[in-house]
Amino acid sequence: MERKIRIFHPVFDIGFYLVVCATLVFAVIFSLVYPNVILEQGLSHRIFYLHVPVAWVALYGPILSFVFSLIFLFTRNLLWDRLAFTANQLSFLFAVGVLFSGPIWAYSAWGVPWDKTDARLQSFFILCISLVSYFIFRYLVPAKSKKAILSAYLSVLCAVSAVLTWGAIRWIENPGNHPGSVLGKGGMDSDMKQSMWLGVIAFHFLFLFLFLVSNRSEKIQDIRSKLKAELD
């Protein structure tokens, strides 16, 4: 018996894809040509317009996963476990982007790619380890229900790490070189603000698009598993 399952809308997907591509390309080009260059750092400062938006998205992922995990624990609906897993996947993807872009900027600005005394860097590294632990323990448990419950509790650890990372330069006396919160810099020039917020919007669109695509991929895997179980 043939079964047809619709999991996406072509018009919506194509339209959203074009929006993501347009905003992302425009944001990158805009950040390369429009804002003034900081003399102390030179052209390497322009990586700021990539580094900060990507870092923000990387910190949002565990918070979303934590919310989805709480809903799962109350409802025991595996849909929410899948959404939590997707959020953490993307958080790790963007976190890797932060770990690559950060040392490039740091080496130019500080002379070293990684300042071991910086609270924000160390807390972000702990966040990455927490996410890796989440994936390792998740794949070690074969049973879906047990895997989802364990993942939900590990999501709490990842969310706590994300919050501590966000607060590392706000709540802690930071001896490192990492600059303060960009939101607290009222003296930031208008061209820099425009470039930064454009990048934030573009990478949030990218995160949402990848979230939809990744979630559908997980949904397809679940459907295939169910169909295989029925055939067996």
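Rules and cut-offs
- Residues numbered from 1 in each chain as written.
- Predicted model: local features only at pLDDT ≥ 70, side-chain atom pairs only at ≥ 80, totals over all residues.
- Heavy atoms only, no water.
- UniProt positions renumbered as here; feature names shortened; annotations may be inferred.
- Helix = DSSP H or I, 4+ residues; strand = E, 2+ residues; numbered from the N terminus.
- Expected span 1.5 Å × (residues − 1).
- Polar contact = N/O pair within 3.5 Å; in protein donor to acceptor, adjacent residues only side chain to side chain.
- Contact = heavy atoms within 4.5 Å.
- Buried < 20%, exposed > 50% of the residue type's maximum accessible area, 1.4 Å probe, protein only.
- Patch = residues over 30% accessible without salt bridge, like charges linked within 9 Å, V, L, I, M, F, W, Y side chains within 5 Å.
- Areas by Shrake-Rupley, 256 points an atom, 1.4 Å probe, with all protein chains shown as cover.
- Salt bridge = Lys/Arg side-chain N within 4 Å of Asp/Glu carboxyl O.

The name an unreviewed UniProt entry gives the protein is Heme exporter protein C, with Leptospira mtsangambouensis as the organism. UniProt lists a comment for the protein under the heading Sequence similarities (unreviewed entry), and it reads "Belongs to the CcmC/CycZ/HelC family." Entered under Subcellular location (unreviewed entry) in the UniProt record, the comment concerning the protein runs "Membrane".

Compared with an ideal rise of 1.5 Å per residue, which puts 28 residues at 40 Å, helix α2 (residues 48-75) spans 41 Å between its outermost C-alpha atoms and is within 8% of the ideal. Positive backbone phi, approximately 60°, marks R76, located one or two places after α2.

You can see T86 is positioned in helix α3 (residues 78-110). Of the polar contacts made by the side chain of T86, one reaches the backbone oxygen of R82; its length is 2.9 Å. Setting aside residues no more than four positions away along its own chain, T86 makes contact with F211, S214, N215 and E218.

When the terminal C-alpha atoms of helix α1 (residues 10-33) are compared, their 35 Å separation across 24 residues agrees well with the 34 Å that a helix rising 1.5 Å per residue should span. Among the residues of α1, D13, F16, V20, T23, A27, F30 and S31 are the ones counted as buried.

Glancing now at the side chain of S101. With respect to the helices and strands, the residue S101 is situated in helix α3. With a relative accessible area of 4%, S101 lands in the buried category. A distance of 2.9 Å separates the side chain of S101 from the backbone oxygen of G97, its partner in a polar contact. Those residues in contact with S101, other than ones at most four positions away along the chain, are I47, L50 and H51.

Residue placement: F135 occurs in helix α4 (residues 119-140). With a relative accessible area of 15%, F135 lands in the buried category. Through-space distance from the C-alpha of F135 to that of S151 is 8.3 Å; in sequence the pair is 16 residues apart. Dropping the residues within four chain positions of it, F135 is found in contact with F85, N88, Q89 and F92.

The topology assignment puts S65 in helix α2. The class for S65 is buried, based on a relative accessible area of 0%. Each C-alpha atom of the pair S65 and S151 lies 9.7 Å from the other, and the pair is 86 residues apart in sequence. Ignoring any residue separated from it by four or fewer positions in sequence, one finds S65 in contact with A84, A87, N88 and S155.

A word on a nonpolar patch on the surface. Residues V25, V28, I29, L32, V33 and Y34 make up a contiguous nonpolar surface patch of about 550 Å² in total accessible area. Mapped onto the elements, V28 comes out in helix α1.

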